[in-house]
Amino acid sequence: MTEERRYMLLTGASRGIGHATVKLFQSKGWHILTVSRQPFSEECAWPSAGESHIQADLADLTQIDPLAATVRERLPNGRLHALVNNAGISPKGPGKSRLGLIGSDAGVWTQVLNVNVISTALIARALMPELEAAKGSIVNVTSIAGTRVHPFAGAAYAASKAALSSLTREMAHEFGRRGVRANAIAPGEIETSILSPGTDALVVAGVPMQRLGEPHEVAEAIYFLCTEPSPYINGAEIHINGGQHV
């Protein structure tokens with residue numbers, strides 16, 4: 001008998017950590033469904049990328065149920081083995097400056113919290129039957145900015161990532177009895193296009209390993225949390241920051 005092919009849903013797939021995660025999981029034989037507010041990009045040059053992409057704007061919560069329905073249609077056995085919530089937005093001020101409380105109006109807060117936190121909860125809720133059928137794993141991508149004031153990440157972003165850490169604990173508590181594990185990874189400064197100008201000079205000097213992280217290093221941690229070597233890890237948050245948090 002052949003082993004059942006595993007399916008993962010990944011939000012925020014258009015760059016950086018998302019790209020690296022898709023490539024790693026595909027190399028291990030997984031089928032990936034990707035979600036982004038952008039249409040399919042030709043830069044996503046992995047096999048069947050176009051057919052596997054679902055365009056949805058997670059800031060618009062009315063799109064969650066149609067998204068879940070589309071995912072459900074694409075699961076041949078009704079099983080979703082992994083849900084990786086990587087989508088996240090970090091609005092900037094003029095000149096890509098840090099956006100603090102004074103500069104963040106209700107629209108900024110609503111957009112950031114919808115994408116970074118609320119959609120995560122609603123997607124997991126909508127796809128719980130499929131996750132439960134597979135005894136699947138949820139991985140939420142938080143941030144070092146959720147635990148300390150960051151020189152680039154703004155107030156709404158930081159608050160949303162702290163909330164996502166708390167949400168991960170709630171998921172672990174509630175979903176664990178269903179056989180679904182929920183964990184988080186908290187990246188620090190990873191070499192992606194989301195980094196603000198000046199990161200090297202201002203932040204890397206404070207990282208004990210004296211370098212930026214690589215997207216594939218984050219992807220490896222995500223893969224670990226979605227596979228057999230981590231069967232009893234539930235409600236954890238793994239720091240991937242070269243020791244920046246210590």
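Up top you'll find the structure we're talking about.
Residues numbered from 1 in each chain as written. Predicted model: local features only at pLDDT ≥ 70, side-chain atom pairs only at ≥ 80, totals over all residues. Heavy atoms only, no water.

Engineer: Outline the pattern of salt bridges, supporting the account with residue identities and numerical values.
Structural biologist: Across all of its chains, the model carries 4 salt bridges by this definition. One salt bridge in this structure joins R72 and E130, with 2.9 Å as the shortest N-O distance. A residue pair is termed long-range when its members are at least 10 positions apart, and R72 in helix α3 (residues 64-73) and E130 in helix α5 (residues 128-134) qualify at 58 residues. Residue R72 is classed as partly exposed on the basis of its relative accessible area of 34%. With a relative accessible area of 7%, E130 lands in the buried category. (Salt bridge = Lys/Arg side-chain N within 4 Å of Asp/Glu carboxyl O. Helix = DSSP H or I, 4+ residues; strand = E, 2+ residues; numbered from the N terminus. Buried < 20%, exposed > 50% of the residue type's maximum accessible area, 1.4 Å probe, protein only.)

Engineer: Tell me what's going on with the nonpolar core, and back it up with residues and numbers.
Structural biologist: With 37 residues, the main nonpolar core has L9, V71, I123 and I138 as its most contacted residues. Mapped by element, the contributors of at least two residues to this core are β1 (7-11), β2 (31-36), α3, α4 (106-126), α5 and α6 (155-175). Take this core: its biggest share by element is 7 residues, from α4. Residue contacts for I138: discarding those within four places in its chain leaves L83, N85, A124, L131, M171, F175, V180, R181, A182 and N183. By size, the runner-up hydrophobic cluster in this structure holds 24 residues, among which are L10, A82, I222 and Y223. (Core = buried A, V, L, I, M, F, W, Y, C linked by side-chain atoms within 4.5 Å. Contact = heavy atoms within 4.5 Å.)

Engineer: Talk me through the packing of α3 against α4; I want residue IDs and the actual numbers.
Structural biologist: At a minimum axis distance of 10 Å, the contact between α3 and α4 shows a crossing angle of 40 degrees. By the angle between their directions, the pair α3 and α4 is classed as oblique. As α3 packs across α4, the resulting crossing turns out to be right-handed. Along the contact surface, α3 presents I64, D65, L67, A68 and R72, while α4 presents S119, L122, I123 and A126. Its residues placed into classes, the contact of α3 with α4 shows 6 nonpolar, 1 polar and 2 charged. (Axes fitted to C-alpha atoms, helices over the stretch in contact; angles between N-to-C directions. Parallel < 35°, antiparallel > 145°, perpendicular 65-115°, else oblique. Left-handed = near helix turned anticlockwise from the far one by under 90°. Nonpolar A, V, L, I, M, F, W, Y, C, P; charged D, E, K, R; others polar.)

Engineer: Which residues make up α4, and what values do they have?
Structural biologist: The principal kink in α4, of about 50 degrees, is found at N114. Looking at α4, one finds that the buried residues are V108, V112, N114, V115, N116, V117, S119, T120, I123, A124 and A126. Of the surrounding elements, those touching the buried residues of α4 are β1, α3, β4 (82-85), α5, β5 (137-141) and α6. Regarding α4, its N-cap is D105, as a side-chain oxygen of that residue lies 3.1 Å from the backbone nitrogen of G107 further along. (Bend = angle between axes of the 7 residues up to and from the residue. Polar contact = N/O pair within 3.5 Å; in protein donor to acceptor, adjacent residues only side chain to side chain.)

Engineer: An account of the sheet that holds β2 is needed here, citing residue identities and associated values.
Structural biologist: The strand order across the open sheet built from 7 strands is β3-β2-β1-β4-β5-β6-β7, with neighbouring strands paired in parallel fashion. Since the sheet does not close on itself, it has two edges, and those belong to β3 (53-55) and β7 (237-240), each with one partner. Each adjacent strand pair in this sheet contributes to an overall mean axis angle of 15 degrees, direction not counted. Where β4 lies against β5, 4 bridges are found, and the strand directions are parallel. Bridge pairing in β5 places N85 opposite N140. Here helix α1 (residues 16-27) sits on the sheet and contacts β1, β2 and β6 (181-187); the angle it forms with β1, its principal contact strand, is near 170 degrees. With respect to the sheet, α3 is in contact with β1, β2 and β3, its orientation differing from that of β3 by roughly 165 degrees. (Pairing = 2+ DSSP bridges.)

Engineer: Residues and numbers for α1, please.
Structural biologist: In this model α1 runs 17 Å from its N-terminal to its C-terminal C-alpha over 12 residues, within 8% of the 16 Å that 1.5 Å per residue would give. Of all the 12 residues making up α1, 9 are buried; the element is thus mostly covered by neighbouring parts of the structure. Every buried residue belonging to α1 is among I17, G18, H19, A20, T21, V22, L24, F25 and Q26, and all of these are buried. Two residues or fewer after α1 comes G29, characterised by a positive phi angle close to 95 degrees. (Expected span 1.5 Å × (residues − 1).)

Engineer: Can you explain the pairing of β6? Please cite residues and give values.
Structural biologist: In terms of burial, β6 is a largely internal element, 7 of the 7 residues being buried. Along β6, one buried face is formed by R181, N183, I185 and P187 and the opposite face, lined by A182, A184 and A186, is buried too. Here β5 pairs with β6 via 5 bridges, running parallel. Across the sheet, residue V139 finds its bridge partner in β6, namely N183. For the crossover that starts at β5, traverses α6 and ends in the parallel β6, the hand is right-handed. Summarising the sheet, β6 and β7 pair through 4 bridges and their orientation is parallel. Across the sheet, the residue bridging to A184 is E237, located in β7. (Right-handed = clockwise from strand over helix to strand, strands pointing away.)

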